[in-house]
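Residue-level structural notes
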Amino acid sequence: MGAPVAIVMGSQSDWATMKGGAEVLEKLGVETDVRIVSAHRTPERLFDFAKGAADDGFKVIIAGAGGAAHLPGMVASLTHLPVLGVPVQSRALSGQDSLLSIVQMPAGIPVGTLAIGEAGAVNAGLLAAAILATSDEALAERLKDFRAKQTASVAERPS
Ligand code: RP5
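From a predicted model like this one, the values you see are computed outputs, not experimental measurements. (Residues numbered from 1 in each chain as written. Predicted model: local features only at pLDDT ≥ 70, side-chain atom pairs only at ≥ 80, totals over all residues.)

**Quick notes on the UniProt feature "binding site: substrate" (unreviewed entry) in the protein**
What UniProt calls "binding site: substrate" (unreviewed entry) maps, in this numbering, to Ser11, Asp14 and Arg41. The named residues occupy 31 residues along the chain; their greatest pairwise C-alpha distance, 14.2 Å, places them in one compact cluster. Mapped onto the secondary structure, Ser11 falls in the loop between strand S1 (5-9) and helix H1 (15-27). Leave out the neighbours within four places in its chain, and Ser11 touches Ile36 and Ser38. Relative to the helices and strands, Asp14 resides in the loop between S1 and H1. The buried category is assigned to Asp14, around which 25 C-beta atoms lie within 10 Å. Residues within four places of Asp14 in sequence aside, it is in contact with Met9, Gly64, Ala65, Gly66 and Val88. (UniProt positions renumbered as here; feature names shortened; annotations may be inferred. Helix = DSSP H or I, 4+ residues; strand = E, 2+ residues; numbered from the N terminus. Contact = placed C-beta atoms within 7 Å. Buried ≥ 20, exposed ≤ 12 C-beta atoms within 10 Å, placed from the backbone.)

**Some points on the packing of H1 against helix H5 (residues 118-133)**
For any two helices packed against each other, one specifies the crossing angle of their axes together with the interaxial distance. Put simply, H1 and H5 touch, their axes get as near as 7 Å, and they point 30° apart. For the element pair H1 / H5, the angle class is roughly parallel. For the pair H1 and H5, the crossing hand works out as right-handed. Counted together, Thr17, Met18, Gly20, Gly21, Ala22, Val24 and Leu25 of H1 and Glu118, Ala121, Val122, Ala124, Gly125, Leu126, Ala128 and Ala129 of H5 form the full contact between these two elements. Within the contact of H1 with H5, the residues separate by chemical class into 10 nonpolar, four polar and one charged. (Axes fitted to C-alpha atoms, helices over the stretch in contact; angles between N-to-C directions. Parallel < 35°, antiparallel > 145°, perpendicular 65-115°, else oblique. Left-handed = near helix turned anticlockwise from the far one by under 90°. Nonpolar A, V, L, I, M, F, W, Y, C, P; charged D, E, K, R; others polar.)

**Observations regarding the site of the ligand**
Within the structure, the ligand sits among Gly10, Ser11, Ser13, Asp14, Ser38, His40, Ala65, Gly66, Gly67 and Val88. Residues belonging to the shell around the ligand are distributed by class as follows: two nonpolar, seven polar and one charged. (Near = placed C-beta within 6 Å.)

**Focus: helix H2 (residues 43-52)**
Three or more residues of H2 are buried, namely Leu46, Phe49 and Ala50. All buried residues of H2 lie within an arc of 90° about the axis, which places them on one face of the element. In this structure, the buried side of H2 is in contact with S1, strand S2 (32-36) and helix H3 (71-78). (Arc of directions from axis to C-beta.)

**Description of H5**
Since one α-helical turn is 3.6 residues long, residues separated by three or four positions face the same way. Compared with an ideal rise of 1.5 Å per residue, which puts 16 residues at 22 Å, H5 spans 23 Å between its outermost C-alpha atoms and is within 8% of the ideal. Within H5, the full set of buried residues consists of Gly120, Ala121, Val122, Ala124, Gly125, Ala128 and Ala129. Lining the buried residues of H5 we find S1, H1, strand S3 (60-66), strand S4 (83-88) and helix H6 (137-152). (Expected span 1.5 Å × (residues − 1).)

**Quick look at the sheet that holds S2**
Strand order across the open sheet formed by five strands is S2-S1-S3-S4-S5, with parallel pairing between neighbours. Edge positions in the open sheet fall to S2 and strand S5 (112-113), since each of these has one partner strand only. With six bridges connecting them, S3 and S4 associate as parallel partners. The partner of Gly64 across the bridge, within S4, is Val86. (Pairing = 2+ DSSP bridges.)

**Some thoughts on the environment of Gly108**
By secondary structure assignment, the location of Gly108 is in the loop between helix H4 (96-103) and S5. Looking at Gly108, the number of C-beta atoms within 10 Å reads 7, which means it is exposed. Taking the C-alpha atoms as reference points, Gly108 and Asp14, separated by 94 residues in sequence, lie 27 Å from one another.

**Section: the pairing of S2**
Regular strands place their side chains on alternate faces of the sheet. In this structure, S1 lies alongside S2, joined through five bridges in parallel fashion. Of the residues in S2, the one forming a bridge with Val8 is Arg35. At this point the chain moves from S1, through H1, to the parallel S2, and the crossover so formed is right-handed. (Right-handed = clockwise from strand over helix to strand, strands pointing away.)

Encoded structure:
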């Protein structure tokens, strides 16, 4: 079976942000397929990827882009799979443009939009794992263990 999670991003420059999602999924034992797919520079690649995603065996898609961030919405328009959108922090407008481009979808084509930047990428990974865990008991246990360890790592007082 192929990777259940696809992570797509608009540019190589997004990888520094998006790798947080790939890393947390790797920690949880979830395979990912990571690709550069630009809504503007490689529109045909976008169509091919999104239209074939379900048949290719993906269960969840994480899509990150910055600026005029049309990638997550366009992917969502071409597949019924759940799409999680990560607004990458842009240089010009600090990701406010990315966030607004991704979050304000018309009714009927949802994109689950996360926070701007690295926190959004990591949380997209965790949310993808949580979605898969609804039908994967072993992954649910690993996710619970991850959360318990995170809780245990928080000191009561600052050092
Ligand atoms: C978007 O434009 C990408 O998602 C990226 O965040 C932004 C800038 O891309 P580069 O000019 O760095 O390739 O399409």
